[in-house]
Each structure stands twice: as structure tokens, then as C-alpha cells.
Amino acid sequence: MLISIAWKNIWRNKLRSGVVITAVTLGLIGGILSVGIMFGSSDQHVKDALNDYISEIQIHHPKYSENNESKYFIKNSESTENVLSQIPGVKSVCSRIKIVGMANSPEAAVGIVINGINPEKEKTVTDIYTKIPAGSGSYFENTKRNPILISSKLAEKLKLHLRSKLILTFQENGGTMTGGAFRVVGIFKTTNAMLDETNVFVRKTDLIRLTGFSENTAHEIAVRLTDKKMLETVKSEIIKKYPNLSVMTWKELQPDLAMVTDFMNQMMAIFMMIILLALGFGIVNTMLMVVLERIKEIGMLMAVGMNRIRIFTMIMLETIFLSIVGGGIGMAVSAGILDYFGRVGMNFSSVSKGLESFGYSAVIYPKVEVSFYFILSFLIILTGILASVYPAIKAVRLNPADAVRTDA
Amino acid sequence: MNIIEVKNLHKIYKESEIEVHAVRGIDLIFEQGEFTAIVGPSGSGKTTFLNMIGGLDKPTEGEIVIDGVNINELKGSKLIDFRLRKIGFVFQAYNLIPVLTAKENVEFIMSLQKRPKKERIERAETLLKAVGLGDRLNARPSKLSGGQQQRVAVARALASKPMFILADEPTANLDSESTRNLLEIMENLNKMENITFIFSTHDARVVKKARRVITFDDGKVISDVKNKY
Ligand SMILES: Nc1ncnc2c1ncn2[C@@H]1O[C@H](COP(=O)(O)OP(=O)(O)OP(=O)(O)O)[C@@H](O)[C@H]1O
Ligand SMILES: [Mg+2]
């Protein structure tokens, strides 16, 4: 009965309750959308980095990991690939020859990482093949000798165009400097400008021919997973099988990438708390007005035998209901908006130049995890409970004799 | 049977510097089945007295024994629980919970007593019929007249099966028709069910119906006339 009284009580002053509920609703929509945008963009940022370059797990010769010297390579890369692809949770595996070198054009020279890839197999691991815009060439199609993919960023720097020639210099297997002329067949562009600037892609076969590495070697084996939650289990499984290789997750390979995500999560938590705190104070204020307005009624209830626990509970329930109604509408509306923009995307291209140079996509697909709603619901109820304490204490402190005096 | 024994009751209100000696030494005994009016000029201490014997306010001095229990010694929730079990209240106004219907208001007090739902509903309907509101069971207080609201309050007070019912000026806000109607109901309940009523009033027509009239003046009892018919 207390529950039904509390529920009916909040609709007594429809305007006032409506204002509070609207405030909670709007506050939460603002909060949830902001969280969704931040979370979506940082999630996208990580996803892009993993899809375009890093993959979930990379395997190297332990010494290669230290300073990328090409003399430290993985032998028997083919059989290793086969074994790795059998591990549960592994979606795809691909090996690369990876050599540090220089890219020289008539205009300039820059240090780069040359990725010698098997073009078809690489498609199962990275999305570079999808990052060549129309009119910017193609992904190793109908080409004869030494094709190379470079990023638009690098093309700009070296003043190169499609079908331009550029000279790569690097060490061959053994240490002597060597080089080769490559023809630009495709100019790609990912959201990660920093990695774009330093990576070029050539065919593994071409690189082997120029360096003398054997077909069955690799500097890097990239592993993609079916489920990101399997990260640690797959890693330890690989270590068990190859204790002599260096196995690193993307979090270890790109600690700043992982840190940004964690930092973002914490910021968002603090942000939501501040919103809830502000709403909480609004609710306290409203409930104090409610108690003040109902002094006589509360006094009467105490007089006829409603004890303090029940009075306290009644005020607390009313407060919780107010926050739940506002919170429920706020979350439902936010979920709807997030669902829409999560599919369509939000275009921030007016500020995208800045974003993209940090590796953030210009089109953001806002989203929040389902668990976020659960935690938020809990926090909303908690806000209601905390906001009710002071008004409820005021209510139970009323002296029924004073409260029922009709002349007072 | 004595149900309330009041000994040497005093109440002094202290508001900053000023002290108001509202009740100045009252000794009274109330018995089961009384139909008693407390009268006296405004400010003579009627409300103060009723609040103290109802356990709503603490005396400054003196003793109130109800059903063998000295209620001054009851604290906090014990006192509230005592009121719930032993005393029915009818106030001048603000008696009902506005968001509940007449029936729910009567039921409510029984739900505080943790009575079973079936009993609550049956008793609420019976009592509301007894006060002539059988056809307004599902009306909210705002849809009832002042007199009807007071009758719901009487039904509510009865619902908890108290030892006695205290009513501070129950008819003060009513027109003469409603006053007569309410008094009739109270009188009938007193006669048929032997329900004890103690009420204060300024209304001479109400006083006429009482079988005991206690007159207060300046915080003291100046006359106590019993068995008046
Ligand atoms: N809470 C209070 N604080 C201070 N003085 C009070 C308080 N309540 C009542 N008094 C004073 O105590 C005296 C008795 O008041 P009380 O309300 O008991 O009289 P009453 O007989 O009920 O009067 P009325 O017929 O007008 O209802 C009055 O002088 C009143 O001003
Ligand atoms: Mg009075």
C-alpha cells in the first residue's frame, strides 16, 4: 500500500514532478549521448587501429621486438601460421616480412617500415585493401614489377602520384644495403595518420627477391580473434606453444591506445557522476518542498499510527520513483537516439582534420555497452535514495502535535 | 471500567522568552463508553489536553495512564504503535490521504496494523456503510463534502478498533446539517457499539448531545457534569 501511495503522491503536483522528471530526462540524455559519442569514437579508434594495422596479437622474434632489426626473424613461418590458426578463438593469421628502410623520391627521403605482404592473405587480417579511394589506384591488381602501396600522407610528403616511381633502400639479409625501384599502384588512407605516414606495403615475393630472405620466414605474424574477450586466453595459448617467441597483445604493442580507452572510461564515469549529483540536488530541493507542503498530512499520518520507518520509506519511495521515471525515459530516449546514430553515424567532418591526425575517425558511431545502462540504472536509484535522505529525515522529525494543529 | 486516568497534568509551552502555561493541573478519569464533550473558551487548553491524552504531545508534568500504561514512558515507535492500537483520531481537517479513495483511507489504518487484506476490505466497506457512505466507497476526498470527509475519518478511526476516539472540534468546519448528521452517527456508534468518544467543541448543539460535559477555563477544569440526559 505504501508503494501505491508513494506512486500516486508523485502525480499530485504534476507540474512540479514533471519539471523534475524532465530535468532528469534531459540531464541523462545529454550525459548518455556524450558518453556514447566519446565511447563510440574511442572504440572506433581502437577498432580502426586493430583492423588497419595492429591486429589483436602480434608475434615476433624476441629480439626483433626490441629494435626491429630484420636479422631477427621467425623461421618456419608457414607451419607456425598453420598451428596458430588451429587455436580456438583465432579468426585469421598472416605473416609478413617487415623491414625498416628509407623511401626516396626526387623531392625527399623519409624513414619508413616496409611491409612485405601476401596480398590475398593479408586481406584476412588487415583492412588496408578497403582503404584505397576510387581513383587512387588499386590493391596490387594487374601489376607486373615491384608494385607498392603508400598512404596519401606519404604521397604528399614525397610529392608522389599514382604510377610514380620511388626508390626504397634497406638492408638485405646479411646486412648490406640494397634497394629497389617500386611503382605506386595504390594510395590508401586510414584514419590513423601517424601509422599511415610510416608504413608502405609491397608484395612479400618482391621483397624476398630483393633481400634474400627465404619464403618460409617472417618478421611478424599477425593474429586476429573472433572475440576480443579471448585476448588473454589466446595469448597464453600461443605462449604455451611457442615459448621462444615474443607474443604481444595490442595493449602491449600500443599502450597509449589502451590507456586512452581506460582514461576515457574513467572520465565518462566522473562525468556521469557529476550529472547525477546535480540532478540529485534538484531532487532534494523538490522533495523538501513536498515535505513542507505536506506537513499537516504527514503529522496526521504519524498521529494515527504510521511509524517513522514507514514515513521515511514513503518519502524515499517517492524520491526513487521520481528519479526512476526520469531515468527510464532518459535512458529509453537516449537508447533510441544512440541506436539511430549508431547505425547512421554522426559526421564531425567540420573538425575532422584535427581528429584524424590523432587517429580518430571523422564519422563517429556513438554507442554504449549494455552494462552501462545497468550500472546507470543502479546509480539512478542510488541517487534517488541519497536524495531522499535529507527530506525524509525532515519528515520524520515533525512533531505530530504541531503538525496537526489547524490554527498553526 | 476506567480507560484513561489523568493526574496533575501540566503543560507549559516555551517559545523563546515567553512561557505559556496552557494546562494547569488537571485530574480526570474517563470510563469505557463515555460520550464526552470538552468545552471552554478559545485558548483554554482543550487541544493541548486532547493532544496529551492522545500521546501526540508530552506533558510538562503529571501522569496519563491509558489501559494501565503510563504513556509518558513510551518512547518513539512504541508510542506510535500504542496510538495505532489504542486510540482513534478525528481531526478538524486534513484527516485523509488525498490520493486514496474513501475505502482505501479506511483500509490504510488496518494495513498499518497488518490485518489481512480480506478483513480490511470487508471492514472498510461495513464501516463506510455504517457512516452512510456505502455509495461513495471509491470517491477520493476531494470529491467528498466536508461532512462526508469527516464521516470517512470517523470510519477510519473505528477501523483500528481503538479503546476510544479523540476528536478535536470535528464539526468546526461543517454546516449545521452535516454537523447534525455526524453527531447522529457518533451517538449511534456510542449507543449501539459502546464506542467511547471524547471530543472538544464550541458548538452548543453538539454540547447538548454529550452525556458528560467538561468545561475548561485557563488550563483548568471548572466543571464536570456527568450522566446528563
Ligand atoms: N505550540 C504552541 N506553542 C506555544 N503556545 C501554544 C502552542 N499551542 C497552544 N499554545 C497556547 O496554549 C494555550 C492553549 O491552547 P489550545 O490550543 O490548547 O486551546 P484551545 O482550547 O484548543 O483553543 P481553541 O478553542 O481556540 O481551539 C493558548 O494560549 C495557545 O496560544
Ligand atoms: Mg483547539
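Structure's up top.
Residues numbered from 1 in each chain as written. Chains lettered and ligands numbered in written order. Predicted model: local features only at pLDDT ≥ 70, side-chain atom pairs only at ≥ 80, totals over all residues. Heavy atoms only, no water.

Novice: When you look at the overall build of chain B in this model, what are you seeing that I'm missing?
Specialist: Looking only at helices and strands, chain B has 7 helices and 10 strands in total. By the compact-globule yardstick of 17 Å for 229 residues, chain B fits well, its C-alpha radius of gyration being 17 Å. Dimensions of chain B, computed from the C-alpha atoms along their principal axes, are close to 50 × 40 × 40 Å. Intrachain contacts of chain B at a sequence separation of at least 6 include 67% that bridge at least 24 residues. Of the roughly 10,300 Å² that chain B leaves accessible, carbon and sulfur atoms contribute 48%. One finds the centroid of the 35 positive side-chain charges in chain B at a distance of 5 Å from the centroid of its 30 negative side-chain charges. (Helix = DSSP H or I, 4+ residues; strand = E, 2+ residues; numbered from the N terminus. Rg over C-alpha atoms; globule rule 2.2 N^0.38 Å. Contact = heavy atoms within 4.5 Å. Areas by Shrake-Rupley, 256 points an atom, 1.4 Å probe, with all protein chains shown as cover. Lys, Arg positive; Asp, Glu negative; His and termini not counted. Charge placed at Lys NZ, Arg CZ, Asp CG, Glu CD.)

Novice: Explain unusual backbone geometry here, please?
Specialist: What you tend to see is this: most non-glycine residues have negative phi, and most peptide bonds are trans. All names here are of chain B. For Asn8, which is not glycine, the phi dihedral falls at a positive 45 degrees. By the element assignment, Asn8 lies in strand β1 (residues 2-15). With a phi close to 50 degrees, Asp218 is a non-glycine residue in the positive phi region.

Novice: Explanation requested: the packing of aromatic side chains in the structure shown.
Specialist: Centre-to-centre distance and the angle between the planes together describe a pair of aromatic rings. Residue and element names in this part refer to chain A. Evaluated as defined, the whole model comprises 14 aromatic pairs over all chains. Ring plane angle 75 degrees and centroid distance 5.5 Å describe the contact between Trp7 and Trp11, whose orientation is recorded as edge-to-face. Judged by relative accessible area, which is 38%, Trp7 ranks as partly exposed. A relative accessible area of 29% means that Trp11 is categorised as partly exposed. An aromatic cluster of at least three residues, connected via ring pairs, comprises Trp7, Trp11 and Phe321. Across the ring face of Tyr129, the terminal group of Lys123 is positioned such that the distance to the ring centre comes to 5.4 Å. (Phe/Tyr/Trp six-rings, centres within 6.5 Å; stacked < 30°, edge-to-face > 60°. Buried < 20%, exposed > 50% of the residue type's maximum accessible area, 1.4 Å probe, protein only. Lys NZ or Arg CZ within 6 Å of the ring centre and 35° of its normal.)

Novice: Could you clarify how one ought to interpret helix α5 (residues 146-159) of chain B in this entry?
Specialist: Because the α-helix completes a turn every 3.6 residues, residues three or four places apart line up on one side. The end-to-end C-alpha distance of α5(B), which contains 14 residues, comes to 20 Å, matching closely the 20 Å that a straight helix rising 1.5 Å per residue would cover. Of all 14 residues in α5(B), 12 are buried; the element is thus mostly enclosed. Taken as a whole, α5(B) has its buried residues at B:Gly147, B:Gln148, B:Gln150, B:Arg151, B:Val152, B:Ala153, B:Val154, B:Ala155, B:Arg156, B:Ala157, B:Leu158 and B:Ala159. Residues of α5(B) that are buried in the fold lie against α12 (295-304) of chain A together with β6 (87-90), α3 (102-112), α4 (117-130), β7 (164-168) and α6 (176-193) of chain B. In the stretch just after α5(B), B:Lys161 is the one whose phi turns positive, near 50 degrees. (Expected span 1.5 Å × (residues − 1).)

Novice: Looking at this structure, I do not really get the site of ligand 1. What am I missing?
Specialist: Among the 16 residues in the neighbourhood of ligand 1, the closest are listed as B:Ser42, B:Lys46, B:Thr47, B:Thr48 and B:His202. Residues within reach of ligand 1 are spread across chains A and B. Contact with the protein chains hides 76% of the accessible area of ligand 1, taken as 630 Å² for the molecule alone. Residue contributions to the shell around ligand 1 peak at 3 residues, all from helix α1 (residues 46-53) of chain B. Taken together, the residues of the shell around ligand 1 break down into 4 nonpolar, 7 polar and 5 charged. (Near = heavy atom within 4 Å. Nonpolar A, V, L, I, M, F, W, Y, C, P; charged D, E, K, R; others polar.)

Novice: Before we go on, may I ask you to explain the sheet that holds strand β5 (residues 69-70) of chain B in this structure?
Specialist: Adjacent strands of a sheet pair through backbone hydrogen bonds, lying either parallel or antiparallel. Residue and element names in this part refer to chain B. With antiparallel pairing, 4 strands are arranged side by side in an open sheet as β2-β1-β4-β5. Only two strands of the sheet have a single partner each, and these edge strands are β2 (18-31) and β5. The sheet strands contacting α1 are β1, β2 and β4 (61-66), and the helix crosses β1 at an angle near 120 degrees. (Pairing = 2+ DSSP bridges. Axes fitted to C-alpha atoms, helices over the stretch in contact; angles between N-to-C directions.)

Novice: In this structure, what is going on with the packing of α3(B) against α5(B)? I would like to understand it.
Specialist: The relative placement of two packed helices is expressed as an angle between their axes plus a distance between the axes. All names here are of chain B. Relative to each other, α3 and α5 sit at 25 degrees, their axes nearing to 8 Å. On the basis of their axis angle, the class for α3 and α5 is roughly parallel. For the element pair α3 and α5, the recorded crossing hand is right-handed. Counting all contacts with α3, which are made through Ala102, Asn105, Val106, Ile109 and Met110, the residues of α5 involved are Val152, Ala155, Arg156 and Ala159. Split into classes, the residues belonging to the contact of α3 with α5 amount to 7 nonpolar, 1 polar and 1 charged. (Parallel < 35°, antiparallel > 145°, perpendicular 65-115°, else oblique. Left-handed = near helix turned anticlockwise from the far one by under 90°.)

Novice: Just checking my understanding: could you explain the interface of chain A and chain B for this structure?
Specialist: Quoted interface sizes are often the accessible area lost when the parts come together. Taken residue by residue, the interface counts 23 residues in chain A and 30 residues in chain B. Buried surface at the junction of chain A and chain B, summed over both partners, amounts to about 2,400 Å²; 68% is from carbon and sulfur atoms. For the pair chain A and chain B, the interface holds 1 salt bridge. With its nearest N and O atoms 3.7 Å apart, the salt bridge here joins B:Glu104 to A:Lys8. At the junction of chain A with chain B, the criterion picks out 3 residue pairs in polar contact (both at pLDDT 80 or more). (Buried area = accessible area lost by both parts, 1.4 Å probe. Salt bridge = Lys/Arg side-chain N within 4 Å of Asp/Glu carboxyl O. Polar contact = N/O pair within 3.5 Å; in protein donor to acceptor, adjacent residues only side chain to side chain.)

Novice: Would you mind going over the packing of helix α2 (residues 14-54) of chain A against helix α13 (residues 308-344) of chain A with me for this structure?
Specialist: All names here are of chain A. With their axes 7 Å apart at the nearest point, α2 and α13 run at an angle of 40 degrees to one another. Two packed elements cross with a definite hand, and for α2 against α13 that hand is right-handed. Each of Ser17, Val20, Ile21, Val24, Thr25, Leu28, Ile29, Ile32, Leu33 and Gly36 in α2 lies in contact with α13, whose residues at this interface are Leu322, Ser323, Val325, Gly326, Gly327, Ile329, Gly330, Met331, Val333, Ser334, Ile337 and Leu338. A class-by-class count of the residues in the contact of α2 with α13 yields 14 nonpolar, 8 polar and no charged.

Novice: For this particular structure, what's the right way to read a nonpolar patch on the surface?
Specialist: Residue and element names in this part refer to chain A. Taken together, the side chains of Phe378, Leu382 and Leu386 present a nonpolar region at the surface, about 310 Å² in accessible area. Following the sequence through the fold, Phe378 ends up in helix α15 (residues 370-396). Taking the relative accessible area as the measure of exposure, Phe378 reaches 53% and is therefore exposed. (Patch = residues over 30% accessible without salt bridge, like charges linked within 9 Å, V, L, I, M, F, W, Y side chains within 5 Å.)

Novice: What exactly am I supposed to notice about the pairing of strand β8 (residues 220-225) of chain A here?
Specialist: Note on strand geometry: in a regular strand, side chains alternate between the two faces of the sheet. Residues and elements named next belong to chain A. Among the 6 residues that make up β8, 6 are buried, leaving the element largely enclosed by the rest of the structure. Burial of the side chains of β8 extends over both faces: Glu220, Ala222 and Arg224 are buried on one face and Ile221, Val223 and Leu225 on the other. Alignment of strand β1 (residues 57-60) against β8, held across 3 bridges, turns out to be antiparallel. Pairing of Ile59 across the sheet is with Ile221, part of β8. Bridging between strand β2 (residues 90-104) and β8 involves 6 bridges; their strand directions are antiparallel. Bridging across to β8, Arg96 finds its partner in Glu220.

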